[in-house]
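# Understanding the architecture of this molecule
Residue strings, one per chain:
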Number of protein chains: 2
Amino acid sequence: MEYRFSTKAQGGGGSAIEEILKYAGDPSVISLAGGNPATETFPSKELAEIARELLLEQPDLALQYNTPRGYAPFRELLTARMRKAGDGRDFDDLFVVTGGQQAIDLATKVFCNEGDVVLTEEPSFIGALNNFRSYGAKLVGVPLVEDGVDVAALEKAMDANPNAKLFYTIPSFHNPTGITASVDKRKAVYAACVKHGVVLLEDDPYKELPFDGVKLPSYKSMDTEGIVICCNSFSKILSPGLRVGWVMAHRDIIAKMVDFKQIADVHTPMLNQLMALTYLQRYDIDAAISKMQTLYGRKCKVMLDAIEQYLPSTVTHTTPKGGLFVWCDLNDGHDTREVAQYCAARQVVFVPGSTFMTDMDAPCSAFRLNYSTMADSRIVEGVKLLGGALKEFLK
Amino acid sequence: MEYRFSTKAQGGGGSAIEEILKYAGDPSVISLAGGNPATETFPSKELAEIARELLLEQPDLALQYNTPRGYAPFRELLTARMRKAGDGRDFDDLFVVTGGQQAIDLATKVFCNEGDVVLTEEPSFIGALNNFRSYGAKLVGVPLVEDGVDVAALEKAMDANPNAKLFYTIPSFHNPTGITASVDKRKAVYAACVKHGVVLLEDDPYKELPFDGVKLPSYKSMDTEGIVICCNSFSKILSPGLRVGWVMAHRDIIAKMVDFKQIADVHTPMLNQLMALTYLQRYDIDAAISKMQTLYGRKCKVMLDAIEQYLPSTVTHTTPKGGLFVWCDLNDGHDTREVAQYCAARQVVFVPGSTFMTDMDAPCSAFRLNYSTMADSRIVEGVKLLGGALKEFLK
């Protein structure tokens, strides 16, 4: 049978991420391609006791259907936590999603018709880009510079695309570059979005992970006009496997997103919501996060030192102040997809830069490295292998 | 700010289900409006020990990211279980979803452009209908008769709608009617779908719940041509709150659905997959299901007896052989939305039939009753209250 797939389904999908996850599981290869948080940061013992208690003491709640918005006491606690951090106003509302990815999915469905434009940082997170593509949105990339997006280019793109519905941004320790938008830049970007009536989709899963513990004000904290959809996730601060996140936005936007949430998966699994809630009630998550900041800061420094020591001197790199990623560039005409194959045969993998581009077919000399899950010695070993392979490839 | 929502987001959404779930939580009202499985059927003690063990012994697996298709050993076990039941051929593949609702969402996205037709039984499950609506699909309802859909009407609808992409059906103990398609009817429906190149979306969450234990062959078991997408769920046989389901279909369809799964929520929560897997490995789920069949069979009989005793004699009803629902009809010009308000003021609620119709605005004299969660005495009390209210309303 010839299947008559929808136009949306004909573009292929996000197989690049699936490919990356495959590499990450092969023990004979050193993978600098991952994006996982470190397993040792998961409070597994605490969660084991919490899960057991919840299932024994509140089986009705943990195992039965519930409402699409999420469990009310959980929503209240998350709202209070955000308000304490300066995020949210009276017109804002909050609901629970099955991981941050679902927030992007629902926001796109609520705002984008086929042919509408989504403005994004270039490069950007492939899971978001593929989501926008899946709704037939046209991607318009805006280059990133050292302190965030190029605001003049953003304004120009907004002028040129009156059907731009969303500007998608990862303000803190951006995936894939590690770049953080400065406060001044955030103000300018917010003003541009207000001026052009473009909804600002703030995806900030790494915001809790500055190496020095200093967090910058979110877009949501500046949002006097109700144009910011703020996506949050427990994936990097508690566990990604639980798939629990939350969204704060103007209540009119949330109402639409919840309508679509209900027909996407009815509600986020109750046990998972209750586990996150109980963990937050019972333990000091900020103390745990502080340890993660130190851990990732150390690993990042190990990687940056190894890059300086082992990679060819022509290779430039970002110097992240938080998060999980370093962005490197060969600064020549080579396409790193080709380089990646060469290096994979030499037991080291990374993600080629084209993966994160609005035009995935164009050659790209940049690539992403990740340091979050490996032992320090293995990071050094991986970068050393990579350096050797690159020097051989480039000579 | 005036939000420029997508066309998809302008139709409102599935608020009817959210309303029903609200009623279900009010203890002063007897709700015959629910659709939950009975909490006492959840193996909460077993799941409590399983969850604790998994989190202590395999935290990497339970709490870390995994692949969009789902955990491989879980997929293998589900495939084996389906094969044993006669479902699936070499061209079929299987993946894990975050509850059966997500299967419908992904199938619709893979097949439907705006304006494409989805054929559905009339009435049908509102969560599915709202999903089809959310992608801009046009719904064409085909009436249900005693032993399944009216096949002549289905063929006629297929002839009239060459852009029909999907036929959506709940073959066993249908929601909202409780009707089961006979084997002959299944064969005729399958042949019609093959003839017209329409993909058959088989949503069968109640199939394990025949009161007499006798299961009919699924559409998947007849599927020599690879046109059946078979959606399955643990919601009615283990726990709905865990949000775990699975889909079997031709591998070309599954590949497209997995692409969209990845950008919907990355993967179904790992702890939840592992809990279902471990439960299946360690306990006899078929023995547990057998007890559910007896339980629901008894409750259904209690409700049917009460209906005969207390409802006006002009009210007709289906006689389900499994599942959770009875469908009643006033057989007059009254719209049961109006009747429902009248009854709610008298402390008893049900779901008006219009909720389940392709045209939700048209008056409908039918309504859905549910018996699965209440004590027998409360079922009787609820139907008695309803009977009194109906007699008063109709006089």
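The structure under discussion appears in the preceding block.
These lines cover the structure that appears in this document, whether it is placed above or below. Counting from 1, residues in each chain are numbered in the order their sequence is written. Written order determines the labels here, with chains lettered from A and ligands numbered from 1. With pLDDT at 70 or above as the cut-off, local features in this predicted model cover only qualifying residues; side-chain atom pairs require 80 or more to be listed or tallied, and sums for whole chains, interfaces and linings still use all residues. Each side-chain value is derived from all of the structure's non-hydrogen atoms; neither hydrogens nor water enter the calculation.

### Quick look at the side chain of Lys220 of chain B
We apply this condition: Numbering of helices and strands runs from the N terminus; a helix is a DSSP stretch of H or I covering at least four residues, while a strand is a stretch of E covering at least two. Only heavy atoms enter the contact rule, under which two residues are in contact if any of them lie within 4.5 Å.
Looking at the element boundaries, Lys220 of chain B is found in the loop between β7 (199-203) and β8 (228-233). Sequence-distant contacts of Lys220 of chain B, defined by excluding residues within four places in its chain, comprise Asp87, Gly88, Arg89, Asp92, Glu202, Val228, Cys230, Met248, Ala249 and His250 of chain B.

### Some remarks on helix α7 (residues 151-160) of chain B
All names here are of chain B. Note the following rule: For each residue, the accessible area found with a 1.4 Å probe, counting protein chains only, is set against the maximum for its type, and the residue is called buried under 20%, exposed over 50%, and partly exposed in between. Each direction from the helix axis to a C-beta atom contributes to the arc, which is the arc of those directions. As used in this structure description, the phrase polar contact means that two N or O atoms lie within 3.5 Å; if the pair is within protein, one of them must be able to donate a hydrogen and the other to accept it, and residues adjacent in sequence are counted only when both atoms belong to side chains.
Among the residues making up α7, those that are buried are Val151, Leu154, Ala157 and Met158. Across the axial projection of α7, the buried residues extend over an arc of 120°, all falling on one side. Set apart from the buried face of α7 by more than 90 degrees, the exposed residues are Ala152, Lys156, Asp159 and Ala160. Among the structural elements, β3 (117-122), β4 (138-145), β5 (148-149), β6 (164-169) and α8 (183-196) are those in contact with the buried residues of α7. Where α7 begins, one side-chain oxygen reaches toward the backbone nitrogen of Ala152, 3.1 Å away; that side chain belongs to Asp150.

### Focus on the interface of chain A and chain B
When the parts come together, some accessible area is lost, and that loss is often what is quoted as the size of the interface. For the record, the criterion: In short, buried area is how much 1.4 Å probe accessible area vanishes from two parts on joining, totalled over both. We define a salt bridge as a contact between a side-chain nitrogen of Lys or Arg and a carboxyl oxygen of Asp or Glu at a distance within 4 Å. Under the grouping applied here, Gly and all other residues not named as nonpolar or charged are polar, the nonpolar ones being Ala, Val, Leu, Ile, Met, Phe, Trp, Tyr, Cys and Pro and the charged ones Asp, Glu, Lys and Arg.
With 91 residues of chain A in contact, the opposing surface of chain B contributes 91 residues. The contact between chain A and chain B buries some 7,400 Å² in all, and 58% of this surface belongs to carbon and sulfur atoms. Summed over the three residues of chain A that lose the most area to chain B, namely Arg4, Leu63 and Tyr65 of chain A, the buried surface amounts to 11% of that side. Linking chain A to chain B there are 4 salt bridges. Residue Lys109 of chain B is joined to Asp105 of chain A by a salt bridge in which the shortest nitrogen-to-oxygen separation is 3.8 Å. Seen at the junction of chain A and chain B, the total is 45 residue pairs in polar contact (both at pLDDT 80 or more). At the level of elements, α1 (15-24), α2 (44-57), α3 (59-63), α5 (100-111), α6 (126-134), β6 (164-169), α9 (251-265) and α10 (270-282) of chain A are the ones that each hand at least two residues to the side of chain A that touches chain B. At 10 residues, α9 of chain A tops the list of elements feeding residues into the side of chain A that touches chain B. Split into classes, the residues belonging to the side of chain A that touches chain B amount to 39 nonpolar, 34 polar and 18 charged.

### Points about the environment of His250 of chain B
As for its position among the elements, His250 of chain B is in strand β9 (residues 245-250). Given a relative accessible area of 12%, His250 of chain B falls into the buried group. Non-local contacts of His250 of chain B, meaning those with residues more than four positions away in its chain, are made with Tyr3 of chain A together with Phe91, Asp92, Asp93, Lys220 and Gly226 of chain B.

### So, the relation of the copies chain A and chain B
Formally: What sets the superposition is a least-squares fit of C-alpha atoms, and only residues with pLDDT of at least 70 in both copies go into it.
In the superposition of chain A on chain B (RMSD 0.0 Å, axial shift 0.0 Å), the rotation amounts to 180°. When the rotation and shift are considered jointly, the pair of chain copies conforms to a two-fold rotation axis. Of every C-alpha in chain A, the one belonging to Arg52 of chain A sits nearest the axis of rotation, 2.8 Å from it. Residue by residue, 100% of the interface of chain A is reproduced at the interface of chain B, so both copies engage with the same surface.

### As for the side chain of Asn370 of chain B
Residue and element names in this part refer to chain B. Inspection of the secondary structure puts Asn370 in strand β14 (residues 366-370). Engagement of the side chain of Asn370 in a polar contact is seen with the backbone oxygen of Leu324, the distance being 3.1 Å. A distance of 2.9 Å separates the side chain of Asn370 from the side chain of Ser372, its partner in a polar contact. Aside from chain neighbours lying at most four places away, what touches Asn370 is Leu32, Gly34, Gly35, Met303, Leu324 and Phe325.

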